[in-house]
Amino acid sequence: MRSEPLLLVEDTPSLQLVYESVLKTAGYTVRSAGDGASGLAAFRTMRPAVVLLDLMLPDRDGLDLLQEMLSIRPDTHVIVITANGSINKAVAAMRAGAHDFLVKPFDEQRFLNAIDNALASAETGTAPVPGPDRSIDAPGEFIGESPVMHQVYERIRSVARSMATVFITGESGTGKELCAQAVHDLSNRANGPFVPINCGAIPTELMESEVFGHIKGSFTGAIADKPGAAAAADGGTLFLDEICELDLNLQTKLLRFLQTSTIQPVGAARPRKVNVRIVCATNRDPMQAVRRGQFREDLYYRLHVVPIHMPPLRDRGEDVNVIARSALWRYAREEGRAFATIDDEVKALFRSLNWPGNVRQLLNVVRHVVVLNNGDTLTRSMLPAEILGDTAHDIPARRMEMAPVLTLDALVGKPLAEVERLVIEATISSHGGSIPRAARVLDVSPSTLYRKIEGWKTPGRS
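Residues numbered from 1 in each chain as written. Predicted model: local features only at pLDDT ≥ 70, side-chain atom pairs only at ≥ 80, totals over all residues. Heavy atoms only, no water.

**Quick look at the confidence of the model for the protein**
Summary statistics for the protein give a mean pLDDT of 83 and a share of 88% for residues scoring 70 or more. The model gives residues 126-136 a pLDDT under 50, and that stretch makes 39 contacts with residues more than four places away or in other chains. Below pLDDT 50 for its whole length, residues 390-404 participates in 35 contacts with residues either more than four positions away or in separate chains. (pLDDT = per-residue confidence, 0-100. Contact = heavy atoms within 4.5 Å.)

**Observations concerning the packing of aromatic side chains**
Tallying each qualifying case throughout the model produces eight aromatic pairs. Ring geometry for F167 against Y300: centres 6.3 Å apart, planes inclined by 65 degrees, an arrangement best described as edge-to-face. Of this pair, F167 sits in strand 6 (residues 166-169) while Y300 sits in helix 12 (residues 297-303), and the two are 133 residues apart along the sequence. The same class applies to F167 as to Y300, namely buried. Seen from their ring centres, F350 and W355 are 5.5 Å apart, and the 70 degrees between their planes marks the pair as edge-to-face. Of the two residues, F350 and W355, both sit in the buried class. (Phe/Tyr/Trp six-rings, centres within 6.5 Å; stacked < 30°, edge-to-face > 60°. Helix = DSSP H or I, 4+ residues; strand = E, 2+ residues; numbered from the N terminus. Buried < 20%, exposed > 50% of the residue type's maximum accessible area, 1.4 Å probe, protein only.)

**Some details on the nonpolar core**
Counting residues in each nonpolar core, the largest one holds 32 residues, and the members touching the most others are L238, L240, I243, F257, F295 and L303. Among the elements of the structure, strand 7 (194-198), helix 8 (204-212), helix 9 (228-232), strand 8 (237-241), helix 10 (248-260), strand 11 (277-282), helix 11 (286-291) and helix 12 are those that each provide at least two residues to this core. Ranked by the residues each element gives to this core, the list is headed by helix 10, at five residues. Once you skip the residues sitting within four places of it in the chain, L238 turns out to touch V195, I197, A229, A230, A233, F257, V276, R277, I278 and V279. (Core = buried A, V, L, I, M, F, W, Y, C linked by side-chain atoms within 4.5 Å.)

**Quick word on helix 3 (residues 62-72)**
Taken together, the buried positions of helix 3 are occupied by G62, L63, L65, L66, M69 and L70. The buried residues of helix 3 occupy an angular sector of 160 degrees when projected down its axis, which confines them to one face. If you check the start of helix 3, you find a side-chain oxygen 3.0 Å away from the backbone N of L63, and it comes from D61. (Arc of directions from axis to C-beta. Polar contact = N/O pair within 3.5 Å; in protein donor to acceptor, adjacent residues only side chain to side chain.)

**A short note on the pairing of strand 4 (residues 77-82)**
The buried fraction of strand 4 is high, at six of six residues. Here strand 4 shows no split at all, with H77, I79 and I81 on one side and V78, V80 and T82 on the other all buried. Sheet topology places strand 3 (residues 50-54) next to strand 4; five bridges connect them, and they run parallel. Along strand 4, the bridge assignment pairs L52 with I79. In this fold, the crossover linking strand 3 to strand 4 by way of helix 3 has right-handed handedness. Alignment of strand 4 against strand 5 (residues 100-103), held across four bridges, turns out to be parallel. Residue pairing for strand 5: T82 is matched across the bridge by V103. (Pairing = 2+ DSSP bridges. Right-handed = clockwise from strand over helix to strand, strands pointing away.)

**What about helix 18 (residues 416-430)?**
Compared with an ideal rise of 1.5 Å per residue, which puts 15 residues at 21 Å, helix 18 spans 21 Å between its outermost C-alpha atoms and is within 8% of the ideal. Buried within helix 18 we find V419, I424, E425, A426, T427 and I428. (Expected span 1.5 Å × (residues − 1).)

**Observations regarding the sheet that holds strand 7**
Either a parallel or an antiparallel arrangement is found when strands of a sheet pair, and the pairing is made through backbone hydrogen bonds. Strand order across the open sheet formed by five strands is 7-8-11-6-12, with parallel pairing between neighbours. Looking at strand neighbours, the two that pair on one side only are strand 7 and strand 12 (306-309), the edges of this open sheet. Each adjacent strand pair in this sheet contributes to an overall mean axis angle of 20 degrees, direction not counted. (Axes fitted to C-alpha atoms, helices over the stretch in contact; angles between N-to-C directions.)

**Description of the pattern of salt bridges**
Pairing between side chains of opposite charge can happen when the charged atoms of each approach one another. Tallied over the entire structure, the rule returns 18 salt bridges. Note that K253 and E208 form a salt bridge whose closest N and O atoms lie 2.7 Å from each other. With K253 in helix 10 and E208 in helix 8, the pair connects residues that are 45 residues apart, well separated along the chain. Judged by relative accessible area, K253 falls into the partly exposed class, the value being 29%. In this structure, E210 and K226 form a salt bridge, with 2.6 Å as the shortest nitrogen-oxygen distance. (Salt bridge = Lys/Arg side-chain N within 4 Å of Asp/Glu carboxyl O.)

**Notes on the packing of helix 6 (residues 147-160) against helix 7 (residues 176-185)**
As a packed pair, helix 6 and helix 7 sit with axes 8 Å apart at the nearest point and diverge in direction by 40 degrees. Overall, the two elements helix 6 and helix 7 adopt an arrangement that is oblique. Where helix 6 crosses over helix 7, the handedness of that crossing is right-handed. Between helix 6 and helix 7, the contacting residues are I156, V159 and A160 on the first element and C179, A182 and V183 on the second. (Parallel < 35°, antiparallel > 145°, perpendicular 65-115°, else oblique. Left-handed = near helix turned anticlockwise from the far one by under 90°.)

**Observations regarding the environment of V166**
Structurally, the position occupied by V166 is in strand 6. Looking at V166, the relative accessible area reads 0%, which means it is buried. For the pair formed by V166 and V305, sequence separation is 139 residues and the distance between their alpha carbons is 6.2 Å.

**Comments concerning the packing of helix 13 (residues 319-335) against helix 15 (residues 358-372)**
Two elements in contact, helix 13 and helix 15, have axes separated by 9 Å at closest approach and are oriented at 40 degrees. In terms of axis orientation, helix 13 runs oblique to helix 15. Judged by the sense of rotation from one axis to the other, the crossing of helix 13 with helix 15 is right-handed. Facing V320, I323, A324, A327, L328, R330, Y331, A332, E334 and E335 of helix 13, the residues of helix 15 in contact are V359, L362, L363, V366, R367, V370 and V371. The class makeup of the residues in the contact of helix 13 with helix 15 is 13 nonpolar, no polar and four charged. (Nonpolar A, V, L, I, M, F, W, Y, C, P; charged D, E, K, R; others polar.)

Next comes the structure, spelled out in structure tokens:
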């Protein structure tokens, strides 16, 4: 039996019993309380080094109780417990001095790891690790304080309560879906559904059914009625990502939907009314798509009411390191690692990189480090090899310098897959390694090129 007693403050009797059982089986001594008042009384008596505190209590706010406990004993290591929908409260608790947080449901090992880490930290006198660096003014799940992002935040707030259609632009990985979700969450429709659909990821022949639904038996494989995304979003928000990839025939039907607020599932005899707000996004230049005849001009003007542009990560200054620290902190807890800080050399490197995959690429790099390494500080030696070149996820700099000038003779007689690869690599090289710029020239989405490049790294994929 471990001598250091723990205090558990949990108001749900069944969960209290489960937590007690896990803790006692692991050798801990635990004392439980079912509300804030009894929890605070037990805390004053016990003065425990570690407290497990549910933030949703029947008699008082868990955040207030946390702050009172820390005012009595500042070196207490409090692990807060919260439901999945209350992640912002957990973030606020970390800012107020909590040592760690657990989001329900969590597994037994994650539970015990959090307690072991807290006790080890308490025994060594280590200060609690700071929580994620979130902007207090940032809506939704955004992180960052750069001036360009503050402009985005203001635009989101100003348009959220309107019914106007929002058109979000920006490179792949800049957070366009986060922006759409924030618009929904701050709107009068926040209690309604938020339904995202990726227009570039669904085969053209299935897209109409995915958006507008179908009736059983309307085509081969239609074995049951399907409501479709537009009907599922009734009373809420429909987010159409990669809108410029939508087939022209579907664009006509989408325009009719916007004009009439009615949908007609495939095979249905009559249309039906729905009450949906549209938010759409693209990583392409929509006006260029209009000029090329790939996107209907009348649909563009119908959708492009309030534009919001998501800036690339390379234009956000120190935000890159704020996001990296937050990701490091989050992934370290998920993986049971000890990471807390980033080396100054790595911070300088992160600021200098082009980040063609933007925030999504940065998060992948940080997760790679956490999964394959351990320690207190993220150092340069832990970074994946490709990030140490000019830009990660692009063709490495040495290879770009060696990319040949393509001629017709160089391509004749080669397999089509090899010709495609040579053309893509040469185009990326000629645009300084920028995949988004190469994608615009090749008239495909950047995500398509990323998938191609990843496929080349894995034998048997293309």
